[in-house]
Amino acid sequence: MIQLVTLHVNGDDYPLALDTRTTLVDALRDHLGFRGVKKSCDEGECGACTVLLDGNAVASCTYLAVEAEGHDIVTIEGLAKDGVLHPVQRAFIDCFAVQCGFCTPGMIMATVALLHHNPDPTEEEIRDVLRGNICRCTGYTKIIDAIMQAKEVMKKQSAGEGAEASAPAAGNDTGYKAQNIAQCGSSES
Amino acid sequence: MADEFYSIGKGEIRQDVLQKVTGEALYSTDIHPKGMVYGKILGSPIPHGIIKSIDTTEAEKLPGVVGVVTGADGPDHPTLGGYLTDRYIMCRVGDKVRCIGDPVAAVAATSEQIAEAACKLIKVEYEPLPFVLDPEEAYKEDCPAIVHEDVQSYPRISLHGVAHCFDKKHPNQAIKRKIRHSDKFQLDPDSFETTDEYDAAFEKKIDEEYDKAFLKLPTQRYEFPRVSHCFMEPHACVVAPLPDGGIEIWASEQGGRLAKYNMAASFGLKPSDVHFHVPFLGGGFGGKTGCPCTGPTVMLALKCRRPVKVVQTRDEVFSIGNPRPPAVIYLTDAFNEDGTLAARKVKCFINSGAYTTFSLVMIDHSVYGVSGNYRNPCLMLDCYGVYTNTEANGPYRALGCELFVYAVERNMDMAADLLGIDKYELRRRNVLRKGDIDGHGQLVYNNGSAEAIEAAAKYIKWGQPAHPAEGPWRYGKGLSLGNKFTAYGLTGTEANVTLMDDDTLEIAVSHVEMGQGALTVDSQQAAEFFKIPMSRIRIRNEDSDFMPYDEGTYCSRGTYINGNAVLLACEDAKRQLFQRAAKRLKVPEERLVTENARVYDRDDPETGLYFHDLYAHGGWAEESKLVGRGTFMPEQALNDPRNAQGNPVLFYSIGSWGVEVGVNIETGEVRIVDCGGFYDAGRIINRKTCEGQIEGALSMGLGQAIFEEIMINDKGKIINGNYRDYKIPTFMDSPMNSRIHVDFVGEPFPSGPNGAKGVGEVALIPVMAAFANAIYDATGAEIHDIPMTRERILQSLRDKEAAGEKE
Amino acid sequence: MESKILNDFSFHKPTTLDEALILIDKYQQNGLLMEGGSEVIPNMKSLVVTPDHIISLKHIPEFEYLRYTPGEGLNIGPSTTLTKIEYNPDVQRVYPSLYTGIHGMSNTAIHNISTVTGNICYAVPSADTAAPLLTLEAVLSVRSVDGERKVPIGELFAGVRRTTLKKNEIVTDIFVPEPPKGAVMAYYKNPCRRALDLAIAGVATYAVMDGEVCREARIAMSAVAVVPKRAPEAEAMLNGKVLTEDLINQAAVHASLHECSPISDIRASGEYRRELVRLSVRDGLMLALNNQGRNELK
């Protein structure tokens, strides 16, 4: 069934006539040309298609495009501002966190969402929150390095900006941190 | 030491990374020519049968369908299989399907939905035939299923030590690879009437050595599963027909030139009418040597006269995406009292699946795993590639060397225990050193095995006990030593280096970038040569029309072969540069030096000119563009196929891991305490990209060791073809950064470009064995079935208890 | 060749509960309610489910809430995402087993759109919120055009991907009573790998101690029977008794041998699943014996 829907992507409005069956990843890639959003498993198990929806990471292959109307969608193409790379992009370059690059857009978007909610994650917290992003090339080691660099840069930037530090998205009271959890059978690394 | 270099050894920023972090990098899945339609391939639902009829009428009528092809629209003889040509691009009526998923038809339509719906409307009638799934069963003389009745008549190329000895007694045998080596006695195959007689005589002699030995290990059987590369980008291909009758292809393909010539020959086109582009690959790991989509997509494009894209679903990547073949290795070792190897007999069955594709290469390459680290005073090896009715298998990072390394490393540990010799010491006594002759009769002159294992043992504090037990957790340490050889290709490799009129440098190669850093290390060679910063070097690789020739990027040959070609091209460019500069500057060529895009008189540095001074008017009005050309042709040598003795190996790269693990003896869970990998890859061109490959390989090897296994049911159908049921390590499964360490040993390789060898495959090879040895040390669990899942570990502990051994 | 193509459907976006009730009543034969969609959409792609109508519940503001009332309990709105629940400090402090169950599910991106309601109503045998909610004795509020009723969680599951809900019913609230002080709760997922995995044998435990005596024990299991379920016989062995390691082991053995019926599949064998049940029941109750995992921290 064809439906008219307007998607707000990277700050711009795109009116589209879409089959209701169209997933967000296909709308972004094939209808709007945002081919930086990658499709790998197409069932929400690998994170390659991660985009931001109102600042939260979402698997665009398991999200219908018609549901995305009215939300603020950001893809990898919308991250750099006025030609200046986002600190996460910069860190991925500097720390050699990229090899084949296919997981990279999703990984970067998931990282941006993480640092938005938790500006100072530990390595354990990074591995936990980003567990849905699979990489076959890097073994994750240098991705951790990159996120550690990015968070320091962003903390300095926020400090420089004074009290304008971005607030966590509504409802995430603990900012992606697990506090006061009784031991509950999770195995340590 | 690194300071003596301008660029070599440094962590230069990757050439391709800016495109990748901004989403601008294009992969085959991203190519979208105007008017493009989507293709879907229909595969056989049965493992073995004859196609009686195909009816595509209903499919063709579906609105949105642009074209349907069957085998009748493709080549009428097998054209696939570079070394043993045994496969049609599409199966034909009257001929057989040989595995589930064997292509029988394909549809192009305006959407993937419609293409898929149309596939379901195609009616195919099969006459099922008996099928065989296991290679040892298929090897038997009376196997009721013969996969390729006409295998003896297929065109083939002899490769290295591979003997295409089709054997009437083993009708499903496709390939056989042999090694016969001895330091103890000399047997010349020429002095025997037949190879069989030579083999019999050799076996008699090696059995004598075996009988004399102090420790005779019983034959150990190791079984390895089918595993998937799980590259993040699925197999993908786009083909556009051109008005002049040619075709334009974009494919996720490691062997672009081979594929180009193959498609040209298959479809009766001139190679220059096949324009093959290789964009970035979203991972390759060997599995993209021979993209399975290309042939059918060409067929669709030629029939429909529209650009067509075919992208495999994730399930298809598992079920018809050329995974690594399952294999069984029988290892029979004998040791002297001092722990040195006395004799080794190896038998291996590799499940080639329905078609050999590149599994032939794997069978040839894998056996080097036995000869690259240790002395083999007496070695007899027989490796069989056997057809079965399972999916075609293909090369996978390490080409099977990791399987032989696993078997050898487990046996070394076993022997050490039985002899009462320390496991590291036993290896030290067997390891190859400069001047030795290896199992292929080749002189060892650059092999860091001794240094690598010493470094690994030191890192893991070998000799000191592992962590003490904690609750159900037991801790242990393991060492492993592995190797990967690189042989010459069948063809040379070219590179062009152009000195541009804006003081930059442009390199053209056909080195495929699949994440390993190909473009970066090639650029570093040129940066080093001309002392030009990387920011002024551009490198192009993706276009077969304009890029110079290289057959393909695999077998860890890229850095060595393309790097050498780039250096030759640099030398040629410098020659021309100095000729022109000498004329202009009126300075003899011998006094000229160049750096930073400037050429000047060594004795009077003020006298000089820039590249741009050689040109005028924004172009090349005065003289032609300054293009340096280089062709690197490594010296070819062949093995004697009767015993594989010869000089085939360009170099061995070496790796060793020392790991400490914890094993939960209640649940079978494994955790990594610490791991250190030490590699000899010659002089490291880019330390960061090299480390990255090894760290990635640790994760991949961990997955192989404890998780990864493609499962099939009793009809050969894949039952876990998705990322949930086929498990690869996630962030939470891979070790914390503080628990992984990578470093490098060894010496620069004399004929390597600035001393480099390769590392892509050896990175993976020792990993599985290290974990196995550590798990054994922790628990006494001997796992001969890989992966070492939790249940298999627990079963092994139960078996051990039942056998009454003390823990 | 696996399908990744969804079947055709009409898409509905009600913005109030009443609208949603009317829609699901009208399309109850061939319609599907969709919360996050992370289960539904992949299953639609492989044609496991083929609805003609999808009614999305993501756009009803009154469905999104999370209210903890000290002394009473937690009310979870049907569209509240897993992310909002798992990172809520009250949930983490008061309901640690529910936190653990949610946290171990899939990944962050899925949590950002998925819901507890979706997890339990989709009713796969291995649903990770099921066992904790069973031990917490949660109660669902359910509405249809015909009226309203309460469904204790123990009466929800009917079979593989089947619940006792009628086709036109919508869950409008999940109420999780507050455990008494001193309740010790745990959840063990027992996956094959540490992330992105299903439970091989999910076990939740809940024990309220009174000195040495176990006043009440609750044990729930998922992925080891057709539906997630309690282990009442094992619980009866413990209720009102002095808790000892020996008694714990007996109860654990009993639950694993007699109160579950795990199958063997590509993930694990039935025997291994039973063994994991035994180990996890034991470990969860040992926490109570050792006075760990208290639900209130200073």
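For every chain, the first residue of the written sequence is number 1, and numbering continues from 1 along that sequence. Whichever chain is written first is A, and whichever ligand is written first is 1; the rest continue in order. For a predicted model such as this one, the threshold for reporting local features is a pLDDT of at least 70, and the threshold for listing and counting side-chain atom pairs is 80 or more; totals across whole chains, interfaces and linings nevertheless cover every residue.

Caption draft 1: Broad picture of the sheet that holds strand 4 (residues 56–59) of chain A. Residues and elements named next belong to chain A. Note: two strands are recorded as paired if DSSP finds a minimum of 2 bridges between them. Numbering of helices and strands runs from the N terminus, with a helix taken as a DSSP run of H or I at least four residues long and a strand as a DSSP run of E at least two residues long. Read across the sheet, 5 strands follow the order 2-1-5-3-4 without closing on themselves; strand pairing throughout is mixed. In this open sheet, the two strands that pair with only one neighbour each are strand 2 (12–19) and strand 4. Within this sheet the neighbouring strands show an average axis-to-axis angle of 45 degrees, counted without direction. Bridging between strand 1 (residues 2–9) and strand 5 (residues 72–74) involves 2 bridges; their strand directions are parallel. The residue bridging V9 from the neighbouring strand is I73, located in strand 5. The contact rule is simple: place each C-beta atom from the backbone, and if two of them lie within 7 Å, those residues are in contact. Axis definition: a line fit to C-alpha positions, over the contact stretch in the case of helices; interaxial angles, taken between N-to-C directions, run 0 to 180 degrees. Against the sheet, helix 1 (residues 24–31) makes contact with strand 1, strand 2 and strand 3 (50–53), and its axis sits at roughly 110 degrees relative to strand 2, the strand it touches most. Those strands touched by helix 3 (residues 104–117) are strand 3 and strand 4, and its axis lies near 35 degrees from that of strand 3.

Caption draft 2: Just the confidence of the model for chain C, in detail. All names here are of chain C. With 95% of its residues at a pLDDT of 70 or more, chain C has an overall mean of 92. Looking at any residue, its pLDDT shows the predictor's confidence there, from 0 to 100. Scored below 50 in pLDDT, residues 294–298 shows 14 contacts in the model against residues more than four places distant or in partner chains. For this predicted complex, the interface confidence comes out at an ipTM of 0.95, alongside a pTM of 0.95.

Caption draft 3: Highlighting the environment of R161 of chain C. All names here are of chain C. Its place among the elements puts R161 in the loop between strand 8 (157–159) and strand 9 (162–163). C-beta crowding within 10 Å serves as the criterion here: with 16 such atoms nearby, R161 is assigned to the partly exposed category. Filtering out sequence-adjacent residues up to four positions away, R161 remains in contact with Y122, A123 and V124. For the exposure call, what matters is how many other C-beta atoms sit within 10 Å of a residue's own: 20 or more marks it buried, 12 or fewer exposed, and in between partly exposed, using C-beta atoms placed from the backbone.

Caption draft 4: Spotlight on the environment of V742 of chain B. By the element assignment, V742 of chain B lies in strand 28 (residues 740–744). Those residues in contact with V742 of chain B that lie beyond four places of it in its chain are G677, E691, I694 and E695 of chain B.

Caption draft 5: Examining the packing of helix 10 (residues 401–419) of chain B against helix 11 (residues 423–430) of chain B more closely. Residue and element names in this part refer to chain B. Where helix 10 meets helix 11, the closest approach of the two axes is 9 Å, and the angle between their N-to-C directions is 115 degrees. With respect to each other, helix 10 and helix 11 are oriented roughly perpendicular. Pair helix 10 / helix 11 crosses with right-handed handedness. Along the contact surface, helix 10 presents M412, D413, A415 and A416, while helix 11 presents K423, L426 and R427. The nonpolar class holds Ala, Val, Leu, Ile, Met, Phe, Trp, Tyr, Cys and Pro. Asp, Glu, Lys and Arg form the charged class, and all remaining residues, Gly among them, are polar. Per-class residue counts for the contact of helix 10 with helix 11 are 4 nonpolar, no polar and 3 charged. Throughout this description, any angle smaller than 35 degrees is read as roughly parallel, any larger than 145 degrees as roughly antiparallel, any in the 65 to 115 degree range as roughly perpendicular, and the remainder as oblique. Take the far helix as your reference; a near helix turned counterclockwise from it by less than a right angle gives a left-handed crossing, and one turned clockwise gives a right-handed crossing.

Caption draft 6: Region of the structure containing the domain arrangement of chain C. Residue and element names in this part refer to chain C. Domain start and end points were adopted from an automatic or database domain assignment. If you check the domain split of chain C, you get domain 1 (10–56), domain 2 (61–177) and domain 3 (183–289). In this assembly, 13 residues from domain 1 lie in contact with 17 residues from domain 2. Of the residues belonging to the side of domain 1 that touches domain 2, the class tally is 6 nonpolar, 4 polar and 3 charged.

Caption draft 7: The arrangement of the interface of chain B and chain A in detail. Facing the 48 residues of chain B at the interface are 43 residues of chain A. Broken down by secondary-structure element, the contributors of at least two residues to the side of chain B that touches chain A are helix 1 (17–22) and helix 15 (687–706) of chain B. A total of 8 residues in the side of chain B that touches chain A trace back to one element, the largest contributor, which is helix 15 of chain B. For the side of chain B that touches chain A, the class distribution of residues is 21 nonpolar, 17 polar and 10 charged.

Caption draft 8: Here's a closer look at the sheet that holds strand 10 (residues 170–177) of chain C. All names here are of chain C. Read from one edge to the other, the open sheet built from 5 strands follows the order 4-5-10-6-7, with strand pairing classed as antiparallel. Among the strands making up the open sheet, the edge pair consists of strand 4 (66–69) and strand 7 (147–152). Strand-to-strand, the axes of this sheet are offset by a mean angle of 20 degrees, without reference to chain direction.

Caption draft 9: Looking closely at the nonpolar core. Counting 325 residues, the largest nonpolar core has F771 and I775 of chain B as the members making the most contacts within it. Looking at which element gives the most residues to this core, the answer is helix 14 (residues 558–585) of chain B, with 12 residues. Non-local contacts of F771 of chain B, meaning those with residues more than four positions away in its chain, are made with G478, V659, V661, L702 and A705 of chain B. F9, L136, A231 and A255 of chain C belong to the second-largest nonpolar core, a separate cluster that totals 91 residues. By definition, a nonpolar core groups buried Ala, Val, Leu, Ile, Met, Phe, Trp, Tyr and Cys residues that connect through C-beta atoms lying within 7 Å of each other.

Caption draft 10: Structural view of the pairing of strand 17 (residues 378–387) of chain B. All names here are of chain B. Most of strand 17 sits inside the fold, with 9 of its 10 residues counted as buried. Relative to strand 17, strand 8 (residues 173–182) is paired through 9 bridges, and the arrangement is antiparallel. Bridge pairing in strand 17 places I179 opposite L381. Of the strand pairs in this sheet, strand 16 (residues 341–353) and strand 17 are connected by 9 bridges, and their pairing is parallel.

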